[in-house]
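Topology and contacts: notes
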Amino acid sequence: MAFDDNGEAQGSMGTELGDYDNDGLLDLYVTSFQSQLTTLYHNLGKGEFEDVTTLTGAGAGTVPLVTWGSGLVDFDHDGDRDLFVACGHLQPNVEAYDGRTTYEQLNKLYVNDGTGRFLDVSDQSGDGLKVRRSSRGAGFDDIDDDGDMDVVILNSGAIPTLLRNDTPPKGHWLQVCLRATATNRDGVGAHVRVYAGNLLLLDEVHSGRGYQSHYGTRLHFGLGPHEQVDRIEVSWIGGKTDVYRDIGVDRRILLEEGKSTPTS
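Residues numbered from 1 in each chain as written. Predicted model: local features only at pLDDT ≥ 70, side-chain atom pairs only at ≥ 80, totals over all residues. Heavy atoms only, no water.

Some details on the nonpolar core
In terms of nonpolar packing, the biggest core is built from 22 residues, with Leu178, Ile232 and Val234 touching the most fellow members. Elements that contribute at least two residues to this core include exactly β16 (172-179), β17 (191-196), β18 (199-204), β19 (219-224), β20 (228-235), β21 (241-248) and β22 (251-256). If near-sequence neighbours (up to four positions away) are discounted, valine 234 is found in contact with Leu178, Ala190, His191, Val192, Lys240, Thr241, Asp242, Tyr244 and Leu255. Core analysis: the second largest hydrophobic core is formed by 14 residues, Val73, Phe75, Leu109 and Leu163 among them. (Core = buried A, V, L, I, M, F, W, Y, C linked by side-chain atoms within 4.5 Å. Buried < 20%, exposed > 50% of the residue type's maximum accessible area, 1.4 Å probe, protein only. Helix = DSSP H or I, 4+ residues; strand = E, 2+ residues; numbered from the N terminus. Contact = heavy atoms within 4.5 Å.)

Re the pattern of salt bridges
For the structure on display, the rule yields 13 salt bridges. With a closest N to O distance of 3.0 Å, glutamate 233 and arginine 231 form a salt bridge. Exposure remark for glutamate 233: the relative accessible area of 19% places this residue in the buried category. Using a relative accessible area of 26% as the deciding quantity, one classes arginine 231 as partly exposed. Among the ionic contacts, a cluster of salt bridges with common partners joins Glu16, Arg81, Asp203 and Arg209. (Salt bridge = Lys/Arg side-chain N within 4 Å of Asp/Glu carboxyl O.)

Section: the side chain of aspartate 142
With respect to the helices and strands, the residue aspartate 142 is situated in the loop between β13 (135-141) and β14 (150-155). Of the side chains bearing the opposite charge, arginine 218 lies closest to the buried aspartate 142, which forms no salt bridge; the N-O distance is 4.9 Å. Within the structure, the side chain of aspartate 142 is placed 3.1 Å from the side chain of glutamine 175, a separation counted as a polar contact. Not counting residues up to four positions away in its chain, the partners in contact with aspartate 142 are Gly147, Asp148, Met149, Asp150, Gln175 and Arg218. (Lys, Arg positive; Asp, Glu negative; His and termini not counted. Polar contact = N/O pair within 3.5 Å; in protein donor to acceptor, adjacent residues only side chain to side chain.)

Re the sheet that holds β22
The sheet built from three strands is open, its strands ordered β19-β16-β22 with mixed pairing. Where the open sheet ends on each side, the last strands, each with one partner, are β19 and β22. For this sheet, the mean angle separating the axes of adjacent strands, direction not counted, is 30°. Examined bridge by bridge, β16 and β19 share five bridges and lie antiparallel to one another. Residue pairing for β19: valine 176 is matched across the bridge by leucine 219. (Pairing = 2+ DSSP bridges. Axes fitted to C-alpha atoms, helices over the stretch in contact; angles between N-to-C directions.)

Let's talk about unusual backbone geometry
For asparagine 22, which is not a glycine, the phi torsion comes out positive at approximately 55°. Mapped onto the secondary structure, asparagine 22 falls in the loop between β3 (12-18) and β4 (27-32). The partly exposed category is assigned to asparagine 22, whose relative accessible area is 22%. Here the phi dihedral of aspartate 145 falls at roughly 55°; this positive angle occurs in a residue that is not glycine. The residue aspartate 145 is located in the loop between β13 and β14 in this model.

Remarks on the environment of alanine 190
Its location among the elements puts alanine 190 in the loop between β16 and β17. A relative accessible area of 0% means that alanine 190 is categorised as buried. As for alanine 190 and valine 205, which are separated by 15 residues in sequence, their C-alpha atoms are 5.7 Å apart. Setting aside chain neighbours within four positions, we find alanine 190 in contact with Leu178, Asp203, Glu204, Val205, Val234, Ser235, Trp236 and Ile237.

Notes on the confidence of the model for the protein chain
When the pLDDT values of the protein chain are averaged, the result is 93; 95% of them are 70 or greater. For the stretch residues 1-7, pLDDT sits under 50, and the model shows 11 contacts to residues farther than four places along the chain or on other chains. (pLDDT = per-residue confidence, 0-100.)

This is the structure we're talking about:
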């Protein structure tokens, strides 16, 4: 972290990778300190990224906040990734000298409208988004095994917050776990591409993710109206690609390296 000429901290606080526009490339979301927008970088391919924060609305309302853990997650199963951001200031006494912000802050939730724009729905998303803490890390998984993604938030000086997802689903879903044989067991580093009709979804297995967080190795895909997955391509870090075809939805499957049939 660095400081500007006014003595204010500048710098990145956390990062997230996800294909927000379903073009088959992983985009980058970077959270930030107070007085800075969070930033969404659109992956143009060949190592080039474009700042699309203002165009997409992905940083709306974040300037007064300190933003940390974030997740590009399809919370409503409509086939595109929404955005959650954990917020909380670093200085417990900040309100004594800076009237622009607070120590405990509300977290942010943005819904992806399907055209590549994010709409701030934080004040329309239930009591869970009205919890005010100084949050740090955020993790995402299907905690209650009901098919949708929930949120666990790490708070500074307080117990964690667990947000159960009760969003009415707008489509089907699929959860994918990997088991590698030639490389690391959990398939860390593998790219998973899911094809359903005209929909292409991409995710990657990470060994750690976000700020002070780990989302686990179970990948979650919202499928919208599609009632079947045509094929899944898994590109393992060893260079091999396995293809799995004609897969039912609304379930969790295990894909093993070198096998062509998934295990439920």
